[in-house]
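# Residue-level structure breakdown
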Amino acid sequence: MTSALPALNFSKPSSMSYWKGKARADKDDFDDLNPIITYRHLLSNNLGIRDPLRVIALCDSDAFYAACEQVRLGIDPTLPLVVQQWDSLIAVNYPARKYGISRMDKIRDAKKRCPDLVVVHVATFKEGEAEPGYWENPDTLTHKVSLDHYRRESMKIIQMFKDGLPSGEIEKASIDEAFIDFTRPVREELLKRYPYLAMVPPDAPNGIDSPLPPPPPISWDGLGTVVPVHPPKDPPTKSSPVAVDANGSNTAEEENADPAQHEVDEGVAESDDSTTWHDVALSIAAELMLRIREEIRDKLGYTTSAGLARNKFLAKLTASYKKPMNQTILRNAAIPNYLKPMPFQKIRFLGGKLGKALAEEYDVSTVGDLLTINLEEMQRKFGEDSIWVYEILRGIDRSEVKEKPAVTKSMLASKNLPQPITKASQGYHWIRVLAAELALRLNEAREDNIALWPKTVVLHIRQGYETSRSKQTPFPFTKNVTVDVIASFGDKLWKELVGTGDSTPFKITNVQLSFSGIGTMESGQRRIEGFLSSRPSSDAQSTSESGPTSSKPPSTLKRKRSPSNAAEARQTGGQPDDSLDAGNAKGNLERDEERDERHSFLCEKCGERIWLGGSDAARDGGAAEGHLLAAALDDAIREDALAALRLEHADFHFAQELAAAADEDVPKRVIRPLDRPAAPTVKKKKKQKTGDGGIAKFFSKK
């Protein structure tokens, strides 16, 4: 595992005093800051985290919840405003922070400090309302908090990132943060500005592996704050990189800072000879980031702050260097002096039990102190996984920026109850409140993709974190997703979990209602009728050769290999009848003629026309639903659906051919998971769990 760091030549001091972290940090701790960049590096497109021209940004919306309410209400952004949730504050804008108000304050204390404070209570759901509202004096005993407005505004910002950087990677980190990988758009801009880099010179000594020529000088004017390579000995506390909490966000000191006190820091005292091609890449990324941030402010009214560096960890830290409405650039040359004075327990995941254990074991407090501990010693004490700690202290982060799918697999509505439920009848109120939130979120998601649908609805109840129960049921398609529809399923699950008596199995302190198995129509996945067919089929051929019907729960769907009269009788509850076949065939023919053949294909092997609308819609009089599908889907979705349908139908024929060609003399072997030898990785995992558990034990819940 140590081979992952061949460049880190960190020798163990002969004295045992290095355990206490008081030795001098080795100069080779940051020896990878100025790698030789070649034409191969520049012209390659798949280097990933190994790319020496990699540039990552973290863009953070300033006081996001407060900004959302300020924009929604059309309030002057210079007015002090806070967002209230019950008796606490969840957001404080920067004008309010000038009065010393923080999120730790109660609302009455905040009003004492600023009598003109604008207070907005977060929107809440209440029973009988399909959407959340800004009610007067909402009560936690009857209402549930809604963050849906903030989620919608967050998606608008993410979409502007995607529109502004078509070739970049965008990863939503939280509701108000996003990581952006500028590497590809920066490379494209580099080749536009410096076209001579696109071709390897004929006289290059090592061909494509020859170093790039010296970079041009850079002007950082107007691009933001550049972290100085050699910071002053006593930097201002409010702009110090130390003022970063365990999540990489600004602390109370930074919250209360006056942005007017921050002067623009040139941050570059070195001559142009110190400029690297990575600095050029950073400057281009800063231009792109600045442009997008200005567009967000102009179009949406939100101000943002950003940090730009060579990886996600450093970008996260740098984003909080100076706020609000600013962006900070961390050059590779500035990384050592930026990290060394930082209290390491302020770094994300190095606080809590792990940070305390490191501090006590080595009697250290800053990153610079921990740099004296070599990798061998750290892994001996904290396990092999502590290589992550070793690398983070040196500004090394190997995580990638990965765009998260637009469609989540689940949706959850949860309520922590101020008063426990002790009677079964008390739960139906909260079922309807939670159902309203799920209905709103699912309908909003389906505005972008009508084929979106969850497989199951789940009800979870618990007492504290010790006692819990859950139950789920299939959630069949319905044209109109309403509170009543979802609540009916929730009520059914509630009765099964809690019962109908006067008492409950335990004091219920939390109720959760959720959708799981949310999916959308894509090639190779479930066919489109699984999302757009709701009623069970009374027809004998409710399962066709092209795939399963959607009227049954997903867990019970099976493909019907060869439909027969006997199968018809089982489905209809009657006896096999040739006249039934004739009647169905005639009716199917008439309905097929009425439907648009663009939503079907003709199988060359079996001669049947397979309809996209599903076997239910095609064969049981569901032409109206088929036309609804045709109207709802555009050509692109229809083509994807047809492609998936062809593949599924072809798989069926292929399976039939294999069965027919099988040699009956050869004993058939059914391969089951138990037939396979146990994977060696399972044993390894069991071994890793023995002993002290490495650094993992510091993240386990009590």
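Residues numbered from 1 in each chain as written. Predicted model: local features only at pLDDT ≥ 70, side-chain atom pairs only at ≥ 80, totals over all residues. Heavy atoms only, no water.

## Considering the confidence of the model for the protein
Close inspection of predicted coordinates is inappropriate in any region flagged by low pLDDT. Put simply, the protein has an average pLDDT of 76, and 68% of its residues get 70 or more. A low-confidence stretch, residues 1-25 (pLDDT under 50), is modelled with 59 contacts involving residues beyond four sequence positions or located in other chains. The low-confidence segment residues 523-594 (pLDDT under 50) makes 143 contacts with residues lying over four places distant or belonging to another chain. (pLDDT = per-residue confidence, 0-100. Contact = heavy atoms within 4.5 Å.)

## A look at helix H16 (residues 483-498)
With 16 residues, H16 should cover 22 Å at 1.5 Å per step; its first-to-last C-alpha distance of 21 Å lies within 8% of that length. Looking at H16, one finds that the buried residues are Val 483, Ile 486, Ala 487, Phe 489, Gly 490, Leu 493, Trp 494, Leu 497 and Val 498. Here the buried residues of H16 occupy an arc of 160° about the axis, which is enough to place them on one side. Where H16 is buried, its residues meet strand S12 (410-421), helix H15 (427-448), strand S13 (456-463), strand S14 (467-474) and strand S15 (508-516). Of the residues flanking the end of H16, it is Gly 499, one or two places downstream, whose phi is positive at about 95°. (Helix = DSSP H or I, 4+ residues; strand = E, 2+ residues; numbered from the N terminus. Expected span 1.5 Å × (residues − 1). Buried < 20%, exposed > 50% of the residue type's maximum accessible area, 1.4 Å probe, protein only. Arc of directions from axis to C-beta.)

## A few points about the side chain of Ser 146
Of note, Ser 146 is situated in the loop between strand S6 (143-145) and helix H5 (148-164). By relative accessible area, Ser 146 is classed as buried at 4%. Here the side chain of Ser 146 touches Asp 148 through a polar contact of 2.6 Å, side chain to side chain. In contact with Ser 146, other than residues within four places in its own chain, are Val 122, Ala 123, Thr 124, Phe 125 and Pro 132. (Polar contact = N/O pair within 3.5 Å; in protein donor to acceptor, adjacent residues only side chain to side chain.)

## Digging into the nonpolar core
In this structure, Phe 161, Phe 182, Leu 190, Trp 277 and Met 289 are the most contacted members of the largest nonpolar core, which totals 57 residues. Ranked by residues supplied to this core, first place goes to helix H8 (residues 277-300) with twelve residues. By size, the runner-up hydrophobic cluster in this structure holds 38 residues, among which are Leu 440, Val 457, Leu 497 and Leu 513. (Core = buried A, V, L, I, M, F, W, Y, C linked by side-chain atoms within 4.5 Å.)

## A few points about the pairing of strand S2 (residues 81-85)
Among the five residues that make up S2, four are buried, leaving the element largely enclosed by the rest of the structure. Alignment of S2 against strand S4 (residues 118-121), held across four bridges, turns out to be parallel. Among the inter-strand pairings, Val 83 is bridged to a residue of S4, identified as Val 120. As defined by bridge partners, S2 adjoins strand S3 (residues 88-92) across four bridges and the pair is classed as antiparallel. Each bridged residue has a counterpart across the sheet, and for Gln 85 the counterpart in S3 is Ser 88. Taking the residues between adjacent antiparallel strands as the criterion, S2 and S3 are bridged by two residues, where Trp 86 takes a positive phi near 55°. (Pairing = 2+ DSSP bridges.)

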